[in-house]
Amino acid sequence: MVLRAMERRTKTRVMPKQAETEITLRDVTVRYKMAGGGTKTVLHRLNAEIRAGEFVAVLGETGCGKSTLLRMVLGQEFPSDGAVTVDGKPVTRIDARCGYVPQKYALFPDRTVMQNVLYGPENAFCGWMGRLLPRFWRFRRELRAEAAQLLLRMGLKAADFGKYPMQLSGGMQQRVAIAQALLMRPPVLLMDEAFSALDPLTRSSLQQQMKDLWMETKPTVLFVTHNTSEALLLATRVLVLKPHVEGETESNVLMDMQVPHTNEPLAVRKRTREFEQLREHVKQCAFRETETGLIAGATTAQVQEMPRRGDAAE
Amino acid sequence: MSAMSGLLELADIQGRPKRVWTQTLSWVLFALGVAVYLQFSIARHRENPDDRVMPTGAQLMAGIHSAVMDQPEEDDPLEDGASTWQRVTHGMLWKDTVASGERFGISLLLLAPAILLGLHMAVFPLAESVFLRFFLFFDKIVALSLLPILFIVFGIDQWSKIMLMVIGVGPTLVLDTYNLAKAVPREQVVKAFTLKSSNLDVAYRVVLKQIFPQVLNSVRLNLKPLALFLFAGEMIASTDGLAYRIALMRRHMGMDIILPYLLWVALLLFVLDGALRLANRRLNPWY
């Protein structure tokens, strides 16, 4: 409710509508200049269309360009060739179209949990001068209530709201970081190995919460990970990238597959035979051959042959 | 036995000495310094009762009294019936402290823009291109070598000394702030932009707020260079100030005044440093 009010009041800062949002990467090539001369191609002629509301996990081994891809969607880096668009508009700078949850340094250390979460919506509501107006403080009260609700849902306690990030565990910090990004209601949420530094138990719990929150609001999520299980549990689509080999003409995309989606809890799903088969299949197709130095070819077709659960709802 | 075990614990990296031990030990070197001084002073006075290099405790006390209560030679004498307060506020130490403190305070104020400049250089690429190389070069200029130019431009009054301090410490503070701001993780800046921050929001509400405790520490570390430049200016050309008095007393071998002045300057800097440290802790509980 508060965010709706925010959208009404800030005419110039209206949040983009979710249904129109999609990410397009067309013939994207990224080359870096090497220190000793020459160039290194990280991404080569990458094409992908990510529809609104999709949860896309980007998988791949180190150096395959996962994070580079995410940084381009974010506007932190630009392709050497090709184009990246979000919501039909080219990405030219970092802006609030995309929410961002990095692996580390996700929170402002000088702000408490509540201040961290309120930071974005307050900025969106008005500028510095607007904070002198009484309506800003009314808005802030309402927003606090909404933020508190979200934080409680994320597993924090009311006593944690006044704590600084350094007083929280890594898992708690990531929960706050996700709440911080989600309270802005970004049409696109970019997560760069957001759970990779967490212990397995915290990771599982956060994965479930992330999945639940995504089911409710359905933002477009681009989730970079190197964990196959995590990608298959959370995502509706998995994009596997392989490192580019100089001189090669084909794209980095090794596999682009839809993941059968179910409503069962992730902890249960993880133990099903179908999930285990799917995971093994992705591992074999995507990683086995690259490990031996060979490049897998028609893996997409192989994956499409995978049996899907009868109760799956895409 | 317990004292012995306490002492042994102090040599243990994993030891957890009691507070009483740590507090006591923190005063040991002060006490040792005083004891060594007094020992040498007594020995010298035994050889030469008129020794002026190392005044005795009594001479030092008399010197302190004189510095606090007596007027400088260059001032008109006070009336006979002047109160103690009047004597103190017209005394050498007070007058010199106010004069030096004023220069010190103005310089600190003028150094505030240096912090902002360093911040802008780190955050805005254009400001970095314009200023960085210049400041890297300017920082290498020995500030004292500029003193003749400063005397010509600003005269021998207040401003030449203030500018010496600003020019001496400013570039270091600029570059230090620049380095601190550059060290803020890029993720923080990116995150701030995704949370609808403007450029100024990122610079002041994200980066400056995060580096502020370290900037304050940098200012604390620069207090001594600042005092050093102040003393250099005052010793060369001045009519008042703590360093002026020390230089004046040196001519008369007035160690009974010089030593209390040295300790007073150290105490002032120590208190200022402590105040900044306390402010840092209060203002930035997260640090």
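Owing to the predicted nature of the structure, the values given are computational and were not obtained by experimental measurement.

Criteria and cut-off values
Residues numbered from 1 in each chain as written. Chains lettered and ligands numbered in written order. Predicted model: local features only at pLDDT ≥ 70, side-chain atom pairs only at ≥ 80, totals over all residues. Helix = DSSP H or I, 4+ residues; strand = E, 2+ residues; numbered from the N terminus. Rg over C-alpha atoms; globule rule 2.2 N^0.38 Å. Buried ≥ 20, exposed ≤ 12 C-beta atoms within 10 Å, placed from the backbone. Contact = placed C-beta atoms within 7 Å. Nonpolar A, V, L, I, M, F, W, Y, C, P; charged D, E, K, R; others polar. Domains from an automatic or database assignment. Expected span 1.5 Å × (residues − 1). Bend = angle between axes of the 7 residues up to and from the residue. pLDDT = per-residue confidence, 0-100. Core = buried A, V, L, I, M, F, W, Y, C linked by C-beta atoms within 7 Å. Pairing = 2+ DSSP bridges. Axes fitted to C-alpha atoms, helices over the stretch in contact; angles between N-to-C directions. Parallel < 35°, antiparallel > 145°, perpendicular 65-115°, else oblique. Left-handed = near helix turned anticlockwise from the far one by under 90°.

Caption draft 1: Quick peek at the overall build of chain B. On a plain count of helices and strands, chain B comes out with 13 helices and zero strands. Walking chain B from its N terminus toward its C terminus, one meets helices and strands in the order α-α-α-α-α-α-α-α-α-α-α-α-α. Its C-alpha atoms give chain B a radius of gyration of 24 Å, clearly above 19 Å, the size a compact globule of 287 residues would have. Each principal axis of the C-alpha atoms in chain B carries an extent, and together these give about 75 × 65 × 40 Å. Here chain B holds 287 residues, and the buried ones make up 30% of them.

Caption draft 2: Spotlight on the interface of chain B and chain A. Facing 16 residues of chain B, the contacting portion of chain A comprises 23 residues. Contributing elements (two or more residues each) for the side of chain B that touches chain A: α9 (186–194) and α10 (199–221) of chain B. Residue composition of the side of chain B that touches chain A, grouped by class: six nonpolar, five polar and five charged.

Caption draft 3: Inspection of the domain arrangement of chain B at higher detail. Here the domain parsing of chain B yields domain 1 (2–53) and domain 2 (92–283). Computed over C-alpha atoms, the centres of domain 1 of chain B and domain 2 of chain B are 34 Å apart.

Caption draft 4: Structural context of helix α3 (residues 113–125) of chain A. Residues and elements named next belong to chain A. Its 13 residues place the ends of α3 19 Å apart at the C-alpha level, agreeing with the 18 Å of an ideal helix rising 1.5 Å per residue. Its axis deflected by about 40 degrees at Y119, α3 carries its strongest bend there, up to four residues before the proline P121. By the criterion of burial, α3 is predominantly enclosed, with 11 of the 13 residues buried. Here α3 has its buried residues at V113, M114, N116, V117, L118, Y119, G120, P121, N123, A124 and F125.

Caption draft 5: Structural detail: the confidence of the model for chain A. All names here are of chain A. Mean pLDDT over chain A: 83, with 84% of residues reaching 70 or higher. The weakest mean pLDDT in chain A belongs to helix α10 (residues 299–304) at 43; the strongest belongs to strand β8 (residues 220–224) at 95. Between residues 6–19, whose pLDDT stays under 50, and residues either more than four places distant or in other chains, the model counts 21 contacts. Here residues 290–314 is modelled with pLDDT under 50, and outside its nearest four sequence neighbours on either side it reaches 36 contacts, counting other chains as well.

Caption draft 6: Just unusual backbone geometry, in detail. Residues and elements named next belong to chain B. Phi at K196 is positive, roughly 60 degrees, even though this residue is not glycine. With a phi angle near 55 degrees, M253 is a residue other than glycine that sits in the positive phi range. Inspection of the secondary structure puts M253 in the loop between α12 (242–251) and α13 (255–283). By the C-beta count within 10 Å, which is 11 here, M253 ends up exposed.

Caption draft 7: Region of interest: the nonpolar core. Residues V73, L222, F223 and V238 of chain A are the most contacted members of the largest nonpolar core, which totals 138 residues. For this core, the element with the highest residue contribution is helix α8 (residues 158–182) of chain B, accounting for 12 residues. Every residue in contact with F223 of chain A, bar those within four places of it in the chain, is listed here: F55, V56, A57, V58, M191, L234 and A235 of chain A.

Caption draft 8: The sheet that holds strand β3 (residues 55–60) of chain A, seen in detail. All names here are of chain A. Spatial ordering of the open sheet is given by β6-β7-β8-β3-β9-β10, a layout of six strands whose pairing is mixed. Where the open sheet ends on each side, the last strands, each with one partner, are β6 (98–101) and β10 (253–258). Between one strand and the next, the sheet's axes are offset by a mean angle of 15 degrees, whatever the strand orientation. Pairing analysis gives five bridges linking β3 to strand β9 (residues 237–241), with the strands arranged parallel.

Caption draft 9: Looking closely at the environment of M255 of chain B. Residue and element names in this part refer to chain B. Positionally, M255 belongs in helix α13. For the pair M255 and L150, spaced 105 residues apart in sequence, the C-alpha separation works out to 31 Å. When near neighbours in sequence (up to four residues on either side) are disregarded, M255 contacts R52, V53, M54 and P55.

Caption draft 10: Local environment of helix α11 (residues 223–236) of chain B. Residues and elements named next belong to chain B. With 14 residues, α11 extends 20 Å from end C-alpha to end C-alpha; this agrees with the ideal 20 Å at 1.5 Å per step. Taken residue by residue, α11 has L226, A227, F229, L230, F231, G233 and E234 as its buried positions. On its buried face, α11 is in contact with α5 (92–123), α8, α12 and α13.

Caption draft 11: Seen up close, the sheet that holds strand β5 (residues 89–90) of chain A. Residue and element names in this part refer to chain A. Spatial strand order, β2-β1-β4-β5: four strands in an open sheet with antiparallel pairing. A single partner strand is all that each edge strand has here, and the edge strands are β2 (39–50) and β5. Looking at chain direction, strand β4 (residues 81–86) and β5 are connected through two bridges and run antiparallel. Bridge assignment links V86 to a residue of β5, and that residue is K89.

Caption draft 12: Broad picture of the confidence of the model for chain B. On average, residues of chain B carry a pLDDT of 92, and 97% of them reach 70 or more. Complex prediction metrics read pTM 0.84 and ipTM 0.83.

Caption draft 13: Spatial organisation of the pairing of β2 of chain A. Residue and element names in this part refer to chain A. Taken together, the eight bridges between strand β1 (residues 23–33) and β2 define a ladder with antiparallel strand orientation. Following the sheet pairing, T24 is matched in β2 by E49. Counting the residues that bridge the hairpin from β1 to β2 gives five residues, and of these G37 lies at a positive phi of roughly 95 degrees.

Caption draft 14: Region of interest: the packing of helix α7 (residues 147–154) of chain B against α8 of chain B. Residue and element names in this part refer to chain B. Between α7 and α8, the shortest axis-to-axis distance is 8 Å and the interhelical angle comes to 140 degrees. Considering the angle they form, α7 stands oblique to α8. For the pair α7 and α8, the crossing hand works out as right-handed. On α8, the residues that touch L147, L150, F151 and F154 of α7 are W159, S160, M163 and L164. For the contact of α7 with α8, the per-class residue count stands at seven nonpolar, one polar and no charged.

Caption draft 15: Inspection of the packing of α3 of chain A against helix α5 (residues 170–182) of chain A at higher detail. All names here are of chain A. Two elements in contact, α3 and α5, have axes whose closest approach is 7 Å; the angle formed by their N-to-C orientations is 25 degrees. When the axes of α3 and α5 are compared, the pair comes out roughly parallel. The crossing of α3 and α5 is right-handed. Counting all contacts with α3, which are made through V113, N116, V117 and G120, the residues of α5 involved are V176, A179 and Q180. In terms of residue class, the contact of α3 with α5 is made up of four nonpolar, three polar and no charged.

Caption draft 16: Main features of the pairing of β9 of chain A. All names here are of chain A. Counted residue by residue, β9 has four buried out of five residues, so it is predominantly covered. The pairing of β9 with β10 spans five bridges and is antiparallel. Note on β10: the bridge partner recorded for L239 is D256.

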